[in-house]
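What follows is the residue order along each chain.
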Amino acid sequence: MHFTQKTNPLKRSDLDEFVNCYHPANRNRRKATWSEAALDGRWRVFDYEELLKRDKVNLDIFWLRDKSLEESDDLPEPDVLAQEIADDMQTALEQFSAISEKVKG
């Protein structure tokens with residue numbers, strides 16, 4: 001899923017599938033939506049041993065492909081990409097500036 005601060009901000013409804021799968025009050029009711037038969041499933045279970053085998057027990061795990069980026073014909077125009085990057089950098093700079101001011105106290 002592709003979100004940007006300005007043109008496609010994350011909305012609460014974008015998290016509905018995660019919340020439905022997560023079951024915070026009853027973890028034993030969690031059911032994986034990913035399997036070898038359902039490769040597009042967004043909820044996947046990993047065994048503890050499987051995680052320990054990863055380099056430095058890295059939890060930065062990707063198993064879904066962004067289909068919109070698989071072919072260069074589907075990419076946004078360069079000016080759109082550049083503007084999204086500039087917007088994200090501006091937002092990050094504003095956030096860091098606010099943090100810096102708070103730290104100065």
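Here the structure is a predicted model, which means the values were calculated and not measured. (Residues numbered from 1 in each chain as written. Predicted model: local features only at pLDDT ≥ 70, side-chain atom pairs only at ≥ 80, totals over all residues. Heavy atoms only, no water.)

So, the overall build of the chain
The number of helices and strands found in the chain is three helices and zero strands. Helices and strands in the chain line up, N terminus first, as α-α-α. Buried residues in the chain amount to 10% of all 105 residues. Taking the contacts inside the chain whose residues are at least 6 apart along the sequence as the reference set, 28% of them involve residues at least 24 apart. (Helix = DSSP H or I, 4+ residues; strand = E, 2+ residues; numbered from the N terminus. Buried < 20%, exposed > 50% of the residue type's maximum accessible area, 1.4 Å probe, protein only. Contact = heavy atoms within 4.5 Å.)

Some points on the side chain of Glu84
Here Glu84 lies in helix H3 (residues 78–104). The buried category is assigned to Glu84, whose relative accessible area is 12%. Sequence-distant contacts of Glu84, defined by excluding residues within four places in its chain, comprise His2, Thr4 and Thr7.

Here we look at the pattern of salt bridges
Under the definition given, this model contains three salt bridges. Of the charged contacts, one joins Lys11 and Asp14 as a salt bridge, the two residues approaching to 3.8 Å between their closest N and O atoms. (Salt bridge = Lys/Arg side-chain N within 4 Å of Asp/Glu carboxyl O.)

Quick look at unusual backbone geometry
One non-glycine residue, Lys56, lies in positive phi territory at about 55°. Tracing the backbone shows Lys56 in the loop between helix H2 (48–52) and H3. Owing to a relative accessible area of 76%, Lys56 belongs among the exposed residues under this scheme.

Quick word on a nonpolar patch on the surface
On the surface, Leu10, Leu15, Phe18, Val19 and Tyr22 cluster together into a nonpolar patch covering about 430 Å² of accessible area. Topologically, Leu15 is positioned in the segment before helix H1 (16–22). (Patch = residues over 30% accessible without salt bridge, like charges linked within 9 Å, V, L, I, M, F, W, Y side chains within 5 Å. Areas by Shrake-Rupley, 256 points an atom, 1.4 Å probe, with all protein chains shown as cover.)

Focus: H3
The terminal C-alpha atoms of H3, which comprises 27 residues, lie 39 Å apart, in line with the 39 Å expected from a rise of 1.5 Å per residue. For H3, the set of buried residues is Glu84, Asp87 and Thr91. Positive backbone phi, approximately 60°, marks Gly105, located one or two places after H3. (Expected span 1.5 Å × (residues − 1).)

Comments concerning the packing of aromatic side chains
Taken as a whole, this structure holds three aromatic pairs when the rule is applied. With centroids separated by 5.4 Å and ring planes inclined at 50°, the aromatic side chains of Phe18 and Trp43 adopt a geometry described as tilted. Of this pair, Phe18 sits in helix H1 while Trp43 sits in the loop between H1 and H2; the two residues are 25 residues apart in sequence, bridging distant segments of the chain. Residue Trp43 is classed as buried on the basis of its relative accessible area of 14%. With 6.2 Å between their ring centres and 70° between their planes, Tyr22 and Trp43 make a pair best called edge-to-face. With Tyr22 in helix H1 and Trp43 in the loop between H1 and H2, the pair connects residues that are 21 residues apart, well separated along the chain. (Phe/Tyr/Trp six-rings, centres within 6.5 Å; stacked < 30°, edge-to-face > 60°.)

Points about the confidence of the model for the chain
Of all residues in the chain, 88% have pLDDT values of 70 or greater, and the mean over the chain is 82. Across the chain, element-level confidence peaks in H3 with a mean pLDDT of 91 and bottoms out in H1 with 82. (pLDDT = per-residue confidence, 0-100.)

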